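# A look at the structure
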Amino acid sequence: QGRVSPTKRLSPEYFELMCNVDSAKALWLQTGLALATPGAPSAAIRDPLVRAFDYLARARKTNAAAPEIDIVAGLLREAAEEYARRAQ
């Protein structure tokens, strides 16, 4: 996305990776709040999940082997499974 790290010691690739991973984590938290809110509209859960998975896809393009991606992907999968259970 062309972001530039304000910290010189971080490589541009690492900075890009972490921006995407952190964005996905923030959306995971948003999804969790929606899941915890009784009567939350389906879109309030689904939309942040979709965006979070998009951020992880961008992170994988930067460094597919980064362990942070797998950790956040697991959290998102759990939230997606909970969303699917509720949708049934």
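Look up: the structure comes first, before these words.
In this text the structure is predicted, and so the values were computed from the model without any measurement. Residue numbering note: each chain is counted from 1, following its sequence as written. Per-residue local features are limited, in this predicted model, to residues with pLDDT of at least 70; the limit for side-chain atom pairs, both in listing and counting, is 80 or more; totals at the level of whole chains, interfaces and linings are taken over all residues. Note that water and hydrogens are dropped before the side-chain values are worked out from all heavy atoms of the structure.

The next subject is the pattern of salt bridges. Where charged atoms of side chains with opposite charge meet at close range, the side chains can pair. Salt bridges are counted wherever a side-chain nitrogen of Lys or Arg sits within 4 Å of a carboxyl oxygen of Asp or Glu. The tally for this structure, following the rule as stated, stands at 4 salt bridges. When the shortest N-O distance is used, the salt bridge between aspartate 22 and lysine 25 registers 3.4 Å. In this pair, aspartate 22 and lysine 25 both sit in helix α1 (residues 12–35), 3 residues apart, roughly one turn of the helix. For aspartate 22, a relative accessible area of 37% puts it in the partly exposed group. With its nearest N and O atoms 2.9 Å apart, the salt bridge here joins glutamate 82 to arginine 86. Placement of the pair is glutamate 82 and arginine 86 together in helix α3 (residues 67–87), with a separation of 4 residues, close to one helical turn. Partly exposed describes any residue whose relative accessible area lies between the buried limit of under 20% and the exposed limit of over 50%, with all areas from a 1.4 Å probe on protein chains only and scaled to the type maximum. Judged by relative accessible area, which is 23%, glutamate 82 ranks as partly exposed. When salt bridges with common partners are traced through the structure, they connect Glu82, Arg85 and Arg86 into a single cluster. Strands are runs of DSSP state E lasting at least 2 residues, helices are runs of H or I lasting at least 4, and numbering of each runs from the N terminus.

A word on the packing of helix α2 (residues 42–62) against α3. One can describe the packing of α2 onto α3 by two numbers: an axis separation of 10 Å at closest approach and a directional angle of 155 degrees. With respect to their mutual orientation, α2 and α3 come out roughly antiparallel. Crossing hand, α2 versus α3: left-handed. Between α2 and α3, the contacting residues are Ser42, Ile45, Arg46, Leu49, Ala52, Phe53, Leu56, Ala59 and Arg60 on the first element and Ile69, Asp70, Val72, Ala73, Leu76, Arg77, Ala79, Ala80 and Tyr83 on the second. In this analysis an axis means a line fitted to C-alpha atoms, helices contributing only their contacting stretch, and an angle means the value between N-to-C directions, from 0 to 180 degrees. An angle below 35 degrees is read as roughly parallel, one above 145 as roughly antiparallel, one from 65 to 115 as roughly perpendicular, and any other as oblique. By convention, the crossing between two helices is left-handed when the near helix turns anticlockwise from the far helix through less than a right angle, and right-handed when the turn is clockwise. The contact rule is simple, with two residues in contact once any of their heavy atoms fall within 4.5 Å.

Next up on the list: the nonpolar core. Working definition of a nonpolar core: buried Ala, Val, Leu, Ile, Met, Phe, Trp, Tyr and Cys residues. They are joined through side-chain atoms within 4.5 Å. Leu17, Val21, Leu56 and Ile69 are the most contacted members of the largest nonpolar core, which has 20 residues in total. Mapped onto this core, the elements with two or more residues apiece are α1, α2 and α3. Residues within four places of valine 21 in sequence aside, it is in contact with Ala59, Glu68, Ile69 and Val72.

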